[in-house]
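# Secondary and tertiary structure notes
Single-letter residue listing:
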Amino acid sequence: MKCTTRYILILTLGIFIGAGITLERAVMATRESADKITTPLPLAELRTLTEVFSRIKSDYVEDVEDKKLINDAIHGMLSRLDPHSTYLSKESYSEMRIGTEGQFGGLGIEVSMENGFVKVVSPIEDTPAAKAGIETGDLIVKLNDKPVKGMTLTDAVKLMRGKPGSDIDLTIVREGANKTLEITVTRAIIKIKSVKQRILEPGYGYIRVTQFQGNSGKGLKKAAEKLKKKNKGKKLKGLILDLRNNPGGVLTAAVSISDAFLSEGLIVYTEGRAEDSRLKYTATPADILDGAPMVVLINGGSASASEIVAGALQDHKRAVILGTKSFGKGSVQTILPMSGGTALKLTTARYYTPSGRSIQAKGIEPDIIVEDAKVTRTEKGKHISEADLAGHLINNKLEKTKKSGKKSRKIDRKSGAKGQDYQLNEALNLLKGVNIFGAKQ
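Residues numbered from 1 in each chain as written. Predicted model: local features only at pLDDT ≥ 70, side-chain atom pairs only at ≥ 80, totals over all residues. Heavy atoms only, no water.

The subject of this paragraph is the overall build of the protein. When helices and strands are counted, the protein shows nine helices and 23 strands. In the protein, which comprises 441 residues, the proportion classed as buried is 49%. Within the protein, residue pairs in contact and separated by at least 24 positions form 71% of the contacts whose partners lie at least 6 positions apart. Of the roughly 21900 Å² of accessible surface on the protein, 52% is carried by carbon and sulfur atoms. (Helix = DSSP H or I, 4+ residues; strand = E, 2+ residues; numbered from the N terminus. Buried < 20%, exposed > 50% of the residue type's maximum accessible area, 1.4 Å probe, protein only. Contact = heavy atoms within 4.5 Å. Areas by Shrake-Rupley, 256 points an atom, 1.4 Å probe, with all protein chains shown as cover.)

The following block contains the structure:
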């Protein structure tokens, strides 16, 4: 019986584009797990596969290497399961592990493949892609002069790689635009600071988590300490946690950040077929805000680990969730090392919020809906979500009861100065209102 190391992780939506790097976020933990084949091999189907392989080798118009045919067959097998399962070549697997350090070269965008095209899940803040004007939901149809249709996501990623300082021309279709957009992006070394903070007004803090790296939990606690110091050492009156356009990351980081604001109770649990994919995470005593009110900002670019945090704080009524519905990626991927330095990234479990909600292809519904009211907002606040991805997993755990009589309050500011963040303003106003109401009690 052979043993192999399994890396369990909650992944981002797609792949980060880097110069020489395909990044799927850091591993959560390692452990030993026995490989057991408990079902007989489907000999008839394998015979068909062998016959197809043989026909291609003998009759196809051009000679094709055995390695390519087998690799393509593996890719095809995994791609038909769901959008997040894939085969990692030796190079891709190595690059993924290197990329967990939070620094890599490239464009700074998170992408997934949809209907044969590359879709932008989220540009990373302060990167070449964000500065060039790439937006969530953009459909990339050409890379330089090469059409994307027909490429695999891996092929597209390779074309987007290059030396820092080199340019790549992206042809983009954007919802609401009358014609395709030609955007040139200059590749660069991407250094990601996952946690940022600032004081909005005396007593009111703001923390932005751009993605969940291995050290994001520690980064959040340091950010909270800095806010207290800037507030003259006094307890904060309220905090806004901004998870908008955060595509996810490491599961332990999501647990750590949730735990920072919770003093007890379940944070998240996972369920899968294998025994070692069934896990539970609970909060430890102490709340770094000492119970100060919170608002969590989310939108259609908030996914995976972001949804774990939002779901946990919402279920425990620790924070008000404000913004628009999140992406809806409620699955866990496991990295399974294979022979020859390759690996499988396989969906092995679904995760659930403390109350037992699965957000797979559903997303987190905000307590208060506030549409993105910037001048550049997409029509009707539309965002690409997990439910839009071809072959997505179906949410197989139905809600036992719907929240009777509870409706989300919807705020839609349709006018305003360019660049003004109305979602953030509404969150701050809400915190002020909570404090005013509390003072009258």
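What follows is about a negative patch on the surface. A surface patch of negative charge is lined by D145, D167, D169 and E182. With respect to the helices and strands, D169 occurs in strand 10 (residues 167–173). (Patch = residues over 30% accessible without salt bridge, like charges linked within 9 Å, V, L, I, M, F, W, Y side chains within 5 Å. Salt bridge = Lys/Arg side-chain N within 4 Å of Asp/Glu carboxyl O. Lys, Arg positive; Asp, Glu negative; His and termini not counted. Charge placed at Lys NZ, Arg CZ, Asp CG, Glu CD.)

Extensive coverage of strand 8 (residues 139–143) is indicated by the burial of four of its five residues. Two strands pair when backbone bridges link them, and strand 8 and strand 10 are joined in this way by four bridges, in the antiparallel orientation. Note that in strand 10 the partner of I140 across the bridge is I172. As paired elements, strand 8 and strand 9 (residues 146–147) share two bridges and run antiparallel to each other. Counted as the bridge partner of L143 is K146 from strand 9. With antiparallel pairing between neighbouring strands as the criterion, strand 8 and strand 9 make up a hairpin whose turn holds two residues, including N144 at a positive phi of roughly 55°. (Pairing = 2+ DSSP bridges.)

Let's shift gears to the pattern of salt bridges. Under the criterion given, the structure shown has 13 salt bridges. Measuring nitrogen to oxygen at the nearest pair gives 3.5 Å for the salt bridge that ties R208 to D242. Taken together, the residues R208 in strand 14 (residues 204–209) and D242 in strand 15 (residues 238–242) connect sequence positions 34 residues apart. Look at D242 and you get buried, because its relative accessible area is 2%.

Of all the five residues making up strand 18 (residues 294–298), five are buried; the element is thus mostly covered by neighbouring parts of the structure. The two faces of strand 18 match: M294, V296 and I298 on one face and V295 and L297 on the other face are all buried. Here strand 18 pairs with strand 19 (residues 320–323) via four bridges, running parallel. From the neighbouring strand, I298 faces strand 19, where its bridge partner is G323. As a crossover connection, the stretch from strand 18 through helix 8 (residues 305–315) into strand 19 is right-handed. (Right-handed = clockwise from strand over helix to strand, strands pointing away.)

Here N245, not a glycine, exhibits a phi torsion of approximately 55°, which is positive. Counting through the fold element by element, N245 comes out in the loop between strand 15 and helix 7 (251–261). Unusually for a residue other than glycine, K317 sits at a positive phi of about 55°. Among the structural elements, K317 can be located in the loop between helix 8 and strand 19.

Taken together, L41, L43, L46 and L49 make up a surface patch of nonpolar side chains, about 400 Å² in accessible area. Among the structural elements, L49 can be located in helix 1 (residues 43–59).

So, about the packing of aromatic side chains. With the rule as written, the count across this model stands at one aromatic pair. When the ring of Y269 is compared with that of Y352, the centres are 5.2 Å apart and the planes differ by 20°; the resulting orientation is stacked. Taken together, the residues Y269 in strand 16 (residues 266–271) and Y352 in strand 21 (residues 343–352) connect sequence positions 83 residues apart. With a relative accessible area of 10%, Y269 lands in the buried category. (Phe/Tyr/Trp six-rings, centres within 6.5 Å; stacked < 30°, edge-to-face > 60°.)

Okay, the side chain of S358 next. Within the secondary structure, S358 sits in the loop between strand 21 and strand 22 (368–370). Among the polar contacts listed, one links the side chain of S358 to the backbone nitrogen of Q360, at a separation of 3.4 Å. (Polar contact = N/O pair within 3.5 Å; in protein donor to acceptor, adjacent residues only side chain to side chain.)

Compared with an ideal rise of 1.5 Å per residue, which puts 15 residues at 21 Å, helix 6 (residues 216–230) spans 21 Å between its outermost C-alpha atoms and is within 8% of the ideal. Listing the buried residues of helix 6 in full gives S216, G217, L220, A223, A224 and L227. End-on, the buried residues of helix 6 take up no more than an arc of 115°, which puts them together on one face. Turned more than 90 degrees off the buried face of helix 6, the exposed positions are K218, K222, E225 and K229. Taken together, the buried residues of helix 6 touch strand 13 (195–201), strand 14, strand 15 and helix 7. (Expected span 1.5 Å × (residues − 1). Arc of directions from axis to C-beta.)

Once that is clear, we can look at the packing of helix 1 against helix 2 (residues 66–79). Where helix 1 contacts helix 2, the axes come no closer than 11 Å and their chain directions differ by 140°. Judged on the interaxial angle alone, helix 2 and helix 1 are oblique. In this structure, helix 1 crosses over helix 2, and the sense of that crossing is right-handed. From helix 1, F53, I56 and K57 reach across to helix 2, where they touch D66, L69 and I70. For the contact of helix 1 with helix 2, the class distribution of residues is four nonpolar, no polar and two charged. (Axes fitted to C-alpha atoms, helices over the stretch in contact; angles between N-to-C directions. Parallel < 35°, antiparallel > 145°, perpendicular 65-115°, else oblique. Left-handed = near helix turned anticlockwise from the far one by under 90°. Nonpolar A, V, L, I, M, F, W, Y, C, P; charged D, E, K, R; others polar.)

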